[in-house]
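The primary structure of each chain is shown beneath.
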Amino acid sequence: MQGDGRDVEPEDHTTALALLDERRVNLAQARVRTVNQLHALLRDLLPGGAPTQLSADLAAKLLRSVRPAGDVETVRKDIAGDLVAEIRKLDKQLTDNAARMQSLVEASGSALMDTPGIGPVMAARLIGRTRRAHRFPTSAAFANYAGAAPVEIASAGKARHRLSRSGDRQLNSVLHTIAVVQIRMPKSPGHAYYQRKLSEGKTPKEAKRCLKRRLADHVWRVMIADDRKAKSLPDKAS
C-alpha cells in the first residue's frame, strides 16, 4: 500500500528447486552424522580405525574383516552394518536428488550451467534461493543479498575492505565454490581475473573476494536474461 510491495507470483520451478535444495542439505547433514557414528564404531572394532574419507563400500569391506570377540563387539559390528546400509540409502537419495535438480534446471532453460564451475546442484541452489532475479533492481543489490559485496573499513586514515558476514550464507557459499573452481581452471575467465588482481598487488584473499563480487554480477545477469527469455516464450506462442 506504500508503493514498495512486490507482486505475488505463483509457485514455479524456483520453488521446486528451493524444496529440493533444502532436502539435499538435510540429506547431506544426515550422511555426515551417520558417517561420524560409523567412524566411532570402527575405531573400537579396528586397529587405527577407518580412513577419513569413508564410503559405504569401503566400510563394508572393513567390517567383513572383523571377527567379534564377545557380545559387545558383536553388537558394535551389527550397528555398524546398519549404518552402512543407511549410508547407501542416503547416497542413493542424494544421487536421485541431483538428477531431479538437473532435470528441472534444464527444463527451465537456464543458462547458468554454461558458466565454468556451475553444475546442476550449484545452479539449482542459485535459482532456488534467489527465486526471481528481477526482484533485485541491480547486480549490486543481488551481491549485497548474497553477502558478496565487500565491506569498507576505515582505520587510522586508511581504508580497506573485508568480507561481508551478512546476507544469504548459502548463496555466498555457492559463489565461493564457483570462485575456487574457476581459480583452479587455467582457461576459465575467473582464473584470468584472479591472476590479474594478484598482479595488481591484491592478496590471494582479496583477489578471491573480488572474483566473488564479479561472479555475483555475472550470475545475476544470467538469471535476468533467463527471466526475460521465459517471459518472452508465451508472447511468441500467442
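This is a predicted model, so every value here is computed, not measured. (Residues numbered from 1 in each chain as written. Predicted model: local features only at pLDDT ≥ 70, side-chain atom pairs only at ≥ 80, totals over all residues. Heavy atoms only, no water.)

## A few points about helix 3 (residues 71-108)
Phase 1 of the analysis: Between its terminal C-alpha atoms helix 3 stretches 56 Å, which fits the 56 Å expected from 38 residues at 1.5 Å a residue.
Phase 2 of the analysis: Listed in full, the buried residues belonging to helix 3 are Ala80, Leu83, Val84, Ile87, Leu90, Leu94, Asn97, Ala98, Met101 and Val105.
Phase 3 of the analysis: The secondary structure elements touched by the buried residues of helix 3 are helix 1 (13-45), helix 2 (56-64) and helix 4 (120-130).
Phase 4 of the analysis: Just beyond helix 3, the residue with positive phi is Gly109, at close to 80°. (Helix = DSSP H or I, 4+ residues; strand = E, 2+ residues; numbered from the N terminus. Expected span 1.5 Å × (residues − 1). Buried < 20%, exposed > 50% of the residue type's maximum accessible area, 1.4 Å probe, protein only. Contact = heavy atoms within 4.5 Å.)

## Focus: the packing of aromatic side chains
In this description, a pair of aromatic rings is defined by centroid distance and the angle of the planes.
Phase 1 of the analysis: Here the structure, examined in full by the defined rule, presents two aromatic pairs.
Phase 2 of the analysis: Note on Phe136 and Phe142: the rings are 5.6 Å apart at their centroids and 75° apart in plane angle, and the pair reads as edge-to-face. Comparing Phe136 with Phe142 shows no difference in burial state: the two are buried.
Phase 3 of the analysis: Centre to centre, the rings of Phe136 and Tyr145 are 4.9 Å apart; their planes meet at 50°, and the pair counts as tilted.
Phase 4 of the analysis: Judged by its relative accessible area of 8%, Phe136 is buried. (Phe/Tyr/Trp six-rings, centres within 6.5 Å; stacked < 30°, edge-to-face > 60°.)

## A word on the environment of Gln102
Phase 1 of the analysis: Examined against the element boundaries, Gln102 turns out to sit in helix 3.
Phase 2 of the analysis: Classification of Gln102 by relative accessible area gives partly exposed; the value is 33%.
Phase 3 of the analysis: Note: C-alpha distance between Gln102 and Leu17 (85 residues apart in sequence) is 9.6 Å.

## Some remarks on the packing of helix 1 against helix 4
Phase 1 of the analysis: Where helix 1 contacts helix 4, the axes come no closer than 8 Å and their chain directions differ by 120°. As judged from the angle between their axes, helix 1 and helix 4 are oblique. When the axes of helix 1 and helix 4 are compared, the crossing they make is left-handed. Residue-level contacts link His13, Thr14, Leu17, Ala18, Asp21, Arg24 and Val25 of helix 1 to Val121, Ala124, Arg125, Ile127, Gly128 and Arg129 of helix 4.
Phase 2 of the analysis: Looking at the contact of helix 1 with helix 4, its residues break down into six nonpolar, three polar and four charged. (Axes fitted to C-alpha atoms, helices over the stretch in contact; angles between N-to-C directions. Parallel < 35°, antiparallel > 145°, perpendicular 65-115°, else oblique. Left-handed = near helix turned anticlockwise from the far one by under 90°. Nonpolar A, V, L, I, M, F, W, Y, C, P; charged D, E, K, R; others polar.)

## Digging into the pattern of salt bridges
Phase 1 of the analysis: Using the criterion set out here, one finds ten salt bridges in the structure.
Phase 2 of the analysis: For Arg31, the salt bridge is made with Asp91, and the minimal N-O distance between the two is 2.5 Å. With Arg31 in helix 1 and Asp91 in helix 3, this pair connects stretches of sequence that are 60 residues apart.
Phase 3 of the analysis: The partly exposed category is assigned to Asp91, whose relative accessible area is 25%.
Phase 4 of the analysis: The network of salt bridges with common partners includes Asp12, Arg132 and Asp227. (Salt bridge = Lys/Arg side-chain N within 4 Å of Asp/Glu carboxyl O.)

## Quick word on the packing of helix 2 against helix 3
Phase 1 of the analysis: The interhelical angle for the contact between helix 2 and helix 3, taken along N-to-C directions, is 160°, at an axis separation of 9 Å. The angle between helix 2 and helix 3 falls in the class roughly antiparallel. Helix 3 is crossed by helix 2, and the crossing has left-handed handedness. The residues of helix 3 that touch helix 2, namely those facing Ala56, Asp57, Ala59, Ala60 and Leu63, are Lys77, Ala80, Gly81, Val84, Ile87 and Arg88.
Phase 2 of the analysis: Its residues assigned to classes, the contact of helix 2 with helix 3 comprises seven nonpolar, one polar and three charged.

Without other data, these values stay purely geometric and don't point to any function.
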